[in-house]
Amino acid sequence: MNIIEIDKQYIAGTYARFPLQLVEGKGSIVKDETGKEYIDLGTGIAVNGFGVADDEWKQAVIAQLDKIQHTSNLYYSEPCALLAQELCLRTGMKKVFFSNSGAEANECAIKAARHYGQTKKGKDCYTIITLKNSFHGRTITTLSATGQEVFHEYFTPMTEGFVFADANDIDSVKNLVKTHKCCAVMIELVQGEGGVTALNKEYVAELEKLVKEEDILLVVDEVQTGNGRTGDLYAYMDYGITPDVVTTAKGLGGGLPIGATMLGERVENLFTAGMNGSTFGGNPVACAGALSILKRIDDHLLKEVREKSAYIFTELMGAKGVKSVSGKGLMIGVECEKDAGEVIAKCRERGVLVIKAKHKVRLLPALNIPMEQLKKAIKTLKEVIAE
Ligand SMILES: *Cc1c(COP(=O)(O)O)cnc(C)c1O
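Residues numbered from 1 in each chain as written. Predicted model: local features only at pLDDT ≥ 70, side-chain atom pairs only at ≥ 80, totals over all residues. Heavy atoms only, no water.

A. Region of the structure containing the site of the ligand. All residues adjacent to the ligand are Ser-101, Gly-102, Ala-103, Asn-106, Phe-135, His-136, Gly-137, Glu-188, Asp-221, Val-223, Gln-224 and Lys-250. Measuring from a nitrogen atom of the ligand, one finds a side-chain N or O atom of Asp-221 at 2.8 Å. Take Gln-224: an N or O atom from its side chain is 2.8 Å from an oxygen atom of the ligand. Protein chains bury 82% of the 380 Å² of accessible surface belonging to the ligand in isolation. Per element, the largest residue contribution to the shell around the ligand is 3 residues, and it comes from helix H5 (residues 102–121). Residue composition of the shell around the ligand, grouped by class: 3 nonpolar, 6 polar and 3 charged. (Near = heavy atom within 4 Å. Polar contact = N/O pair within 3.5 Å; in protein donor to acceptor, adjacent residues only side chain to side chain. Areas by Shrake-Rupley, 256 points an atom, 1.4 Å probe, with all protein chains shown as cover. Helix = DSSP H or I, 4+ residues; strand = E, 2+ residues; numbered from the N terminus. Nonpolar A, V, L, I, M, F, W, Y, C, P; charged D, E, K, R; others polar.)

Below, the structure is given as structure tokens:
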């Protein structure tokens, strides 16, 4: 049996994989099992922020591997503490809880929100407002938080306590705040899986005002938007808001699993010993890699991200066969006249890897993709869309 056959026989059928294996690469160039090269505009779904086999990240990871690979949270650990410090200094958040994925980071945020609501307003204050078309993860509770019916099918009953507002409609949130005892509003500033659409700035500003007035928490899910992806270290920074909780994962680890829930002033002392935990959370190897990644996301790199973003928008907007271009930074959705699946397959044939979000082609290139490679990939994408 070849690898595809073994996979189909032994791996649970939850993934509709593309028909190729990625085996190695360097930066934004990846190779399949036949040695064919591709320019990667998918980065393992916004994870490999500096591409694959990046030297600096590898050095940080290998140096830590040589020391100790895991300690559990029964002991203090330098990489974990230093990463938390760096995250707090760069964001103004106060404390961090580490886990291993976006879903877990959001689970912790949901715990924080419920705890805050209960403590402040009583046991029945547990409803969390999320947005229609959102995506917050695959655990039962983060699925419950996800405002898309299709994800709920087969897995009912969902965790109770989630209601869904219309994105960019403040009255929709206000109505839910009036009719439910709410402890938090949880949003993605750029909805990723939902189709790569950014929230309006005025709406987000009004939302911040509303949650402050109502004494409910503002939770921002930056699992996908975070770590330089949208052209700021975290997307909320460009919106000029101060969230109470920020979750992140994907790009933070540079390719190793990590989740982080950052707690702001209002919730910094909410958790005490025993209230949450994780065996792997804060793993020293993942944290050492993440710290090296975070330190490289500086003003210079972020400026480059914004410039590359502007280049992609300029190239694609109004191009033949393109209906719309959405998103922010290097998190971009392209709505095509052609079926997205067909565009993705044709790009792949011609050596460019792109992925999907709903009916759109989604681009998530490495933050440091060389301009020459980006130009080549966008040229191929444009040709495929125009055909
Ligand atoms: C990917 C994603 C998640 C889930 O992250 P996992 O690491 O797959 O658990 C949650 N929220 C958003 C916005 C995401 O993009």
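B. Main features of helix H12 (residues 299–316). Spanning 18 residues, H12 covers 26 Å between terminal C-alpha atoms, matching the ideal 26 Å at 1.5 Å per step. All of the buried residues in H12 are Leu-301, Leu-302, Val-305, Lys-308, Ser-309, Tyr-311, Ile-312, Phe-313 and Leu-316. Contact partners of the buried residues in H12: helix H11 (284–296), strand E13 (322–328), strand E14 (331–336), strand E17 (360–363) and helix H14 (371–386). Phi for Gly-318, located one or two positions after H12, is positive at around 80°. (Expected span 1.5 Å × (residues − 1). Buried < 20%, exposed > 50% of the residue type's maximum accessible area, 1.4 Å probe, protein only. Contact = heavy atoms within 4.5 Å.)

C. Representation of the pattern of salt bridges. Counted under the stated rule, the structure contains 24 salt bridges. Measuring nitrogen to oxygen at the nearest pair gives 2.7 Å for the salt bridge that ties Arg-266 to Asp-215. Taken together, the residues Arg-266 in the loop between strand E12 (259–263) and H11 and Asp-215 in the loop between helix H9 (201–214) and strand E10 (217–221) connect sequence positions 51 residues apart. A relative accessible area of 27% places Arg-266 in the partly exposed class. Residue Arg-266 is joined to Asp-244 by a salt bridge in which the shortest nitrogen-to-oxygen separation is 2.9 Å. Placement of the pair is Arg-266 in the loop between E12 and H11 and Asp-244 in the loop between helix H10 (235–239) and strand E11 (245–248), with a sequence separation of 22 residues. Judged by its relative accessible area of 6%, Asp-244 falls in the buried class. Here the salt bridges share partners, and the residues they tie into one network are Lys-120, Asp-215, Asp-244 and Arg-266. (Salt bridge = Lys/Arg side-chain N within 4 Å of Asp/Glu carboxyl O.)

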